[in-house]
Amino acid sequence: MSAHNDPIHIKREQFPEDFLWGCSTSSYQIEGAANEDGRGPSIWDEFSAQPGRILDGSSGAIACDHYHRWPEDLDLARDLGVKAYRFSVSWPRIFPVGTGEIEERGLEFYDRLVDGIIERGMEPWLTLYHWDLPQALQLQGGWKSRATVDAFNNYADVVSRRLGDRVKHWITHNEPWCSCIMGYYEGVHAPGETSLQSALQACHHVLLSHGQATKIIRTNVPGAQIGITLSLHPIIPASDNAADLAAKVRHDGMRNRWFLDPLYGRGYPQDTVSLMGELCPQVFDNDMEDIAMPTDFLGVNYYFPEVVKDAPGTYPFNVEIVETPNVERTAFGWQVAPEKMTELLLRIQADYAPANIYLTENGSTYDDVFNAAGEIIDEQRKRYLARHLVAALDSVKAGVNLNGYFVWSLLDNFEWAQGYLRRFGLTYIDYQTQRRILKESGKWFARFLKSEHQR
Ligand code: IFM
């Protein structure tokens, strides 16, 4: 789109006719009903209960009460005009202690949800793991333990046998960097541990479970389309000097290549392995082959680039993330840089050539305010969305195998360590009344989707 065109005028018909439009959610962030129908505790119930972990002291115990209000929420998704609804299954609803006895009521819930999605003319896109590990497994080491890989495979087997007649799109894991590095090293997400060695072992097990579960789903679900979703970041050096350029490569190794390289059959990146030294994970024979199991698509969650500089003495890689002044940011402080999304997708295409790429999340948080008419005119979120759609279109035009875009998120929800202080939804949730109010960004997206051709 040329510079004189306002992104807000982007039209759906500028995209290929079969480009897939969707919206995303995740179980712990919206479902609530934490103690209902036999659900066991997850690491996020446990983590949220610890003082000081969640900024507003909240938890996902009630969240959007989606467990009871899912028909209304699916109506909202349908009315937007999306053709795909991405959700995640809560592992502790199916296996309250992670393994062993199956909780039938949990499976019945997802039966109803999947049927509801299909009845409304949408495709279910199911994520198996969006961070709510059963707490009982965490007590045995969580993702640090190889036994969790077996437990995940069993869970993937049970869910894919049950729902595979209706669900054809499967995402094994959402954002392993977040579940492992933020959870086991930075300590800011559940389970709140702070060892880099543990985090790298956890990453290895998550990637391994992805590969092994892919094989299981492929057997159980004829015609399944299977992938993994990564949070990927363009890395920008703070300057052109050699030290900052080298810092960029080091940071990219951990942030992006640590996941992409093994998934695409290259093993862990050697430069990062050398830097990690003895912190590297224990890898058994055939693990790397399993991790590189062929998939049908790569899910990319894009939010922001990171600017880095060389910072001698900074653990673990002598790299510091720089908060560049005078750049546009969302209320979270995340830099708004849609053109960097295009660069990122071009790089993924060039370096890894995934069979298909889907943007499985992209969205923004801003402070939503009601006007006198009781509406939320969230111009910033609307513009953010439009600009990223332009960047998606630019990627397609530049030859990226990008086949779909999912907005994060259908609803405001429990934003992990930020609690309910951050709102990413196209739909506002009044948490007192559970009233849903479509924001202007949601209305704009619906107008965009209704223009011209329908998938
Ligand atoms: O809310 C999260 C989501 O769970 C994973 N991707 C990023 C979103 C915004 O932080």
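See the structure printed just above.
Presented here is a report on the structure given in the accompanying data block.

Here is what the cut-offs are and how they apply
- Residues numbered from 1 in each chain as written.
- Predicted model: local features only at pLDDT ≥ 70, side-chain atom pairs only at ≥ 80, totals over all residues.
- Heavy atoms only, no water.
- Phe/Tyr/Trp six-rings, centres within 6.5 Å; stacked < 30°, edge-to-face > 60°.
- Helix = DSSP H or I, 4+ residues; strand = E, 2+ residues; numbered from the N terminus.
- Lys NZ or Arg CZ within 6 Å of the ring centre and 35° of its normal.
- Pairing = 2+ DSSP bridges.
- Axes fitted to C-alpha atoms, helices over the stretch in contact; angles between N-to-C directions.
- Contact = heavy atoms within 4.5 Å.
- Buried < 20%, exposed > 50% of the residue type's maximum accessible area, 1.4 Å probe, protein only.
- Near = heavy atom within 4 Å.
- Polar contact = N/O pair within 3.5 Å; in protein donor to acceptor, adjacent residues only side chain to side chain.
- Nonpolar A, V, L, I, M, F, W, Y, C, P; charged D, E, K, R; others polar.
- Salt bridge = Lys/Arg side-chain N within 4 Å of Asp/Glu carboxyl O.
- Core = buried A, V, L, I, M, F, W, Y, C linked by side-chain atoms within 4.5 Å.
- Parallel < 35°, antiparallel > 145°, perpendicular 65-115°, else oblique.
- Left-handed = near helix turned anticlockwise from the far one by under 90°.

## A word on the packing of aromatic side chains
Thought 1: Applying the stated criterion across every chain yields a total of 43 aromatic pairs.
Thought 2: Arranged with centres 6.1 Å apart and planes meeting at 10 degrees, the rings of F445 and F448 form a pair that is stacked. Of the two residues, F445 and F448 both sit in helix 15 (residues 440–450), three residues apart, roughly one turn of that helix.
Thought 3: Of note, R255 hangs over the ring of W177, and the distance from its end group to the ring centre comes to 3.6 Å.
Thought 4: The residue whose ring lies beneath R422 is F332, and the NZ or CZ to ring-centre distance is 5.2 Å.

## Focus: the sheet that holds strand 3 (residues 123–129)
Thought 1: The strand order 1-2-3-4-5-7-10-11 describes a closed barrel built from eight strands, whose pairing is parallel. In this sheet, neighbouring strand axes are inclined to one another by 25 degrees on average, regardless of whether the strands run parallel or antiparallel.
Thought 2: As defined by bridge partners, strand 7 (residues 297–301) adjoins strand 10 (residues 357–361) across four bridges and the pair is classed as parallel. Residue G299 lies in a different strand from strand 10, and its bridge partner there is Y358.
Thought 3: Its contacts with the sheet place helix 8 (residues 176–184) against strand 3, strand 4 (169–174) and strand 5 (225–231), and it is angled at close to 45 degrees to strand 5.
Thought 4: Here helix 9 (residues 196–220) sits on the sheet in contact with strand 3, strand 4 and strand 5, set at roughly 165 degrees to strand 4.

## A few points about the pairing of strand 13 (residues 435–438)
Regular strands place side chains that alternate from one sheet face to the opposite one.
Thought 1: The sheet contact formed by strand 12 (residues 427–430) and strand 13 spans four bridges and is antiparallel. Bridge pairing in strand 13 links I429 to R436.
Thought 2: Between strand 12 and the antiparallel strand that follows it, strand 13, lie four residues; Q434 among them carries a positive phi value of about 65 degrees.

## Points about the environment of E328
Thought 1: Tracing the backbone through its elements, the reader meets E328 in the loop between strand 9 (319–322) and helix 13 (338–352).
Thought 2: A relative accessible area of 40% places E328 in the partly exposed class.
Thought 3: With 229 residues separating them in the primary sequence, E328 and T99 have C-alpha atoms 46 Å apart.
Thought 4: Dropping the residues within four chain positions of it, E328 is found in contact with W334, Q335, V336 and R387.

## Let's talk about the site of the ligand
Thought 1: Taken together, Q29, H130, W131, N174, E175, Y303, W334, E361, W408, E415, W416 and F424 make up all the residues around the ligand.
Thought 2: One of the side-chain nitrogen or oxygen atoms of Q29 is found 2.7 Å away from an oxygen atom of the ligand.
Thought 3: For the ligand, an oxygen atom lies 2.8 Å from a polar atom in the side chain of H130.
Thought 4: A per-class count over the shell around the ligand returns six nonpolar, three polar and three charged.

## Some points on the pattern of salt bridges
Thought 1: Summed over all chains, the structure comprises 37 salt bridges.
Thought 2: We note a salt bridge from E31 to R93, for which the minimum N-O separation is 2.7 Å. Placement of the pair is E31 in the loop between helix 1 (27–30) and helix 2 (43–48) and R93 in helix 4 (residues 91–94), with a sequence separation of 62 residues.
Thought 3: Exposure remark for E31: the relative accessible area of 4% places this residue in the buried category.
Thought 4: Ionic pairing is found between D157 and R161, a salt bridge with its closest N-O pair at 3.1 Å. Taken as a pair, D157 and R161 lie in helix 7 (residues 147–163) at a separation of four residues, close to a single helical turn.
Thought 5: Among the charged side chains, a salt-bridge network with shared partners connects E104, D111, D115, R162, D165 and R166.

## Re the nonpolar core
Thought 1: Of all hydrophobic cores here, the largest spans 125 residues; its most connected members are W44, Y85, W91, W170 and F445.
Thought 2: Per element, the largest residue contribution to this core is 10 residues, and it comes from helix 9.
Thought 3: Those residues in contact with Y85 that lie beyond four places of it in its chain are C23, T25, I30, H66, L74, A77, I117, M122, E123, P124, W125 and L410.
Thought 4: With seven residues, the next largest nonpolar core counts L20, A84, Y358 and F406 among its residues.

## So, the packing of helix 8 against helix 9
Thought 1: Where helix 8 meets helix 9, the closest approach of the two axes is 8 Å, and the angle between their N-to-C directions is 155 degrees. Of the possible angle classes, the one that applies to helix 8 and helix 9 is roughly antiparallel. Like other packed secondary-structure pairs, helix 8 and helix 9 cross with a definite hand, here right-handed. Across the interface between the two elements, P176, C180, I181 and Y184 from helix 8 touch S198, A199, L200, A202, C203 and V206 from helix 9.
Thought 2: Residues of the contact of helix 8 with helix 9, tallied by class, amount to nine nonpolar, one polar and no charged.

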